[in-house]
Amino acid sequence: MSPDTVAVHGGRDDLGEAHVPPIDLSTTYRTPDLPAATASIDAMADGQPPMGSSVYQRLHNPTVDRFERALAQMEGTACSVSYASGMAAVTAALLAAKMVGNHVVAVRPLYGGTDHLLQCGLLGLEVSWATPDTVADHIREDTSLVICETPANPTLQLVDIRAVVAAAGDVAVMVDSTFATPVLQRPADHGAAIVLHSGTKFLGGHGDVMAGVLATDDVWGARLRQVRILTGGNLHPMAAYTLHRGLQTLPIRVRAAQANARALAERLASHPAVAGVRYPTMPGCDPHHLLGRQLKGPGTMIAVDLLGGYEAARGVMAAVGLFTPAVSLGSTDSLIQHPAGLTHRIVGEDAQAEGQIGEGLLRLSVGLEDVDDLWSDLDQALALAEPMAAK
Ligand SMILES: *Cc1c(COP(=O)(O)O)cnc(C)c1O
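Let us look at the structure shown here. Please read these numbers as outputs of a predicted model, since none were measured by experiment.

### Thoughts on empty space enclosed by the protein
Evaluation of the coordinates by the stated rule reveals five cavities of 30 Å³ or more. If you go around the largest cavity, the residues you meet are Phe-202, Arg-253, Val-254, Ala-257, Thr-300, Gly-330, Ser-331, Thr-332, Val-366, Gly-367 and Leu-368. Residue composition of the lining of the largest cavity, by class: five nonpolar, five polar and one charged.

Now the structure itself:
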């Protein structure tokens, strides 16, 4: 079935008489048949689905399960395991990796929170920092996971998933595909073992739900469910319902916002206040020719370097009216933020330089508003930045 059809119908095969998935808020479930409940709890402790009773919400929840089945269908994976936020999902993946080996390879640039979690040593993992080209050099006996992100946040750098998978050999590769969504990219089709989404972004899509989800095979799925049972960080059923509903419009939201972003990227590129635009269709932004082959479209995120540096970026953030100056992305409305000052502040200065996150860089998340209204807003805000560029 076409991805658009899967988006609408996924995870809805067990509804019975209901037309819309019911929201099951029970924290506990009746267990009148003790031996059956014991068998079910044993299965779930092994990371398997329940055998009958869900027993307790931290172990399993039917509303959450329906969202997970729908997302897995969209990513083309055996299952998915969801969490209370993207960072809870990253943490669960790293803890699951520890069950396999204590060393991970991380390809920069990564989301600021992921970078910081790996760097700060909290989870006791040994981390080697790599570029896509040096992954193979860092693989060891005890390497359990290679982590990369494409398109990367906030630079829109594109990573060839097949090349990283080949370099990783037998080691599992996790791809943060938040920027692409399953509409534009399915990393598992290219050999990724785990696909990460911050569901807070496009999957929910309306800026009102926090979530994280990992789409994967049955072996990693079992480990990830075990970690979730042990550490909590579960997705709330109300959030799961909202996400499941959001998936239905994901393809049309992404395509409409992408059409806006494509037009804005072109107009920005010829604006006198702009030093450069990073967007997959722009010259030099897709050196491995991944557009079409790995990434179905350039997406809805734009990174723009202003000639006027920090002062110009500050001016634009203060002057926009229709764009909301705010972190996060993937909502129906357009957002603009300054990575060096906000999302990537906790990433060290070296990492900022490596990832080319300069003081004049702004990141745009383009929404569903009329494209000319969006351009008018950017244009008037950039006009204020122009005199600073001339200095
Ligand atoms: C937001 C984000 C995360 C973290 O997700 P939260 O839901 O905020 O915890 C991870 N990766 C990327 C690319 C993100 O944009």
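### Quick notes on unusual backbone geometry
That bond from Thr-150 to Pro-151 is cis: its omega, -15°, falls within 30 degrees of zero. Along the polypeptide, Pro-151 turns up in the loop between strand E4 (143–149) and helix H7 (161–168). In this structure, Leu-156 takes a positive phi of about 65° despite not being glycine. Take Leu-156: it is sitting in the loop between E4 and H7. With a phi close to 65°, Thr-181 is a non-glycine residue in the positive phi region. In this structure, Thr-181 sits in helix H8 (residues 181–184). A residue is classified by how much of its surface remains accessible, and Thr-181, at 1% relative accessible area, is buried.

### Here we look at the side chain of Thr-178
Looking at where Thr-178 falls in the secondary structure, it is placed in the loop between strand E5 (172–176) and H8. When its relative accessible area of 8% is taken as the criterion, Thr-178 is described as buried. Engagement of the side chain of Thr-178 in a polar contact is seen with the side chain of Asp-176, the distance being 2.7 Å. In this structure the side chain of Thr-178 is engaged in a polar contact, spanning 2.9 Å, whose partner is the backbone nitrogen of Ser-198. For Thr-178, the residues in contact, after removing those within four places along its chain, are Leu-196, His-197, Ser-198, Lys-201 and Phe-202.

### A word on the site of the ligand
Neighbouring residues of the ligand: 14 residues in total, closest Gly-86, Met-87, Asp-176, Thr-200 and Lys-201. A distance of 2.6 Å separates an oxygen atom of the ligand from a polar side-chain atom of Thr-200. A distance of 2.7 Å separates an oxygen atom of the ligand from a polar atom in the side chain of Lys-201. In isolation the ligand offers 380 Å² of accessible surface; the protein chains occlude 95% of this area. For the shell around the ligand, a count of residues per class yields five nonpolar, six polar and three charged.

### Re helix H9 (residues 218–231)
Taking 1.5 Å per residue as the helical rise, H9 with its 14 residues ought to reach 20 Å, and the 20 Å between its terminal C-alpha atoms agrees with that figure. Considered for burial, the residues of H9 that qualify are Trp-220, Gly-221, Ala-222, Leu-224, Arg-225, Val-227, Arg-228 and Ile-229. For H9, the side-chain oxygen to backbone nitrogen distance between the N-cap and Val-219 is 3.2 Å, and the N-cap itself is Asp-217.

### Let's talk about the environment of Leu-374
One can find Leu-374 in helix H13 (residues 371–390). We classify Leu-374 as buried; its relative accessible area is 0%. Put simply, Leu-374 and Asn-260 are 114 residues apart on the chain and 8.6 Å apart in space, counted from C-alpha to C-alpha. Once residues lying within four places of it in the same chain are set aside, the contact partners of Leu-374 are Asn-260, Leu-264, Leu-322, Phe-323, Ser-334, Val-366 and Glu-369.

### Some thoughts on the packing of helix H3 (residues 62–75) against helix H10 (residues 237–269)
In a packed pair of helices, the relevant descriptors are the angle between the two axes and the axis-to-axis distance. One way to put it is that H3 packs onto H10 with a least axis distance of 8 Å and a crossing angle of 30°. With respect to H10, the element H3 is oriented roughly parallel. The handedness of the crossing between H3 and H10 is left-handed. Of the residues in H10, those touching H3 at Thr-63, Val-64, Arg-66, Phe-67, Ala-70, Leu-71 and Met-74 are Pro-237, Ala-240, Tyr-241, Leu-243, His-244, Leu-247 and Leu-250.

### Comments concerning a nonpolar patch on the surface
Among the surface-exposed residues, Ile-23, Leu-25 and Met-238 lie close enough to one another that they form a single nonpolar patch of about 260 Å² accessible area. Inspection of the secondary structure assignment puts Met-238 in helix H10. You can call Met-238 partly exposed: its relative accessible area is 42%.

### Section: the layout of surface pockets
A volume near 390 Å³ is recorded for the largest pocket. What lines the largest pocket is a set of 21 residues, and nearest its centre among them are Pro-109, Thr-155, Gln-157, Leu-158 and Gln-356. Grouping the amino acids of the lining of the largest pocket by side-chain chemistry returns ten nonpolar, seven polar and four charged.

### A look at H7
Burial in H7 covers these residues: Ile-161, Val-164, Val-165 and Ala-168. Down the axis of H7, the buried set is contained in an arc of 100°. They therefore lie on one face. Considering only its buried residues, H7 is in contact with helix H6 (135–138), E4 and E5. Looking one or two residues beyond H7, the residue adopting positive phi is Gly-169, at roughly 60°.

### Examining the pattern of salt bridges
A full pass over the atoms with the stated rule returns 14 salt bridges. Its salt-bridge partner being Asp-14, residue Arg-66 comes within 2.8 Å of it at the nearest N-O pair. Here Arg-66 is found in helix H3, whereas its partner Asp-14 is found in the loop between helix H1 (3–9) and helix H2 (34–45), with 52 residues between them in sequence. Via salt bridges that share partners, Asp-13, Asp-14, Asp-65, Arg-66 and Arg-69 belong to a single interconnected network.

Rules of the game
Residues numbered from 1 in each chain as written. Predicted model: local features only at pLDDT ≥ 70, side-chain atom pairs only at ≥ 80, totals over all residues. Heavy atoms only, no water. 1 Å grid on protein atoms, 1.4 Å probe; cavity = no way out; pocket = protein on both sides within 12 Å on 5 of 7 lines; lining within 4 Å. Points joined across faces, edges and corners; volume = space filled by probe spheres on them. Nonpolar A, V, L, I, M, F, W, Y, C, P; charged D, E, K, R; others polar. Helix = DSSP H or I, 4+ residues; strand = E, 2+ residues; numbered from the N terminus. Buried < 20%, exposed > 50% of the residue type's maximum accessible area, 1.4 Å probe, protein only. Polar contact = N/O pair within 3.5 Å; in protein donor to acceptor, adjacent residues only side chain to side chain. Contact = heavy atoms within 4.5 Å. Near = heavy atom within 4 Å. Areas by Shrake-Rupley, 256 points an atom, 1.4 Å probe, with all protein chains shown as cover. Expected span 1.5 Å × (residues − 1). Axes fitted to C-alpha atoms, helices over the stretch in contact; angles between N-to-C directions. Parallel < 35°, antiparallel > 145°, perpendicular 65-115°, else oblique. Left-handed = near helix turned anticlockwise from the far one by under 90°. Patch = residues over 30% accessible without salt bridge, like charges linked within 9 Å, V, L, I, M, F, W, Y side chains within 5 Å. Salt bridge = Lys/Arg side-chain N within 4 Å of Asp/Glu carboxyl O. Arc of directions from axis to C-beta.

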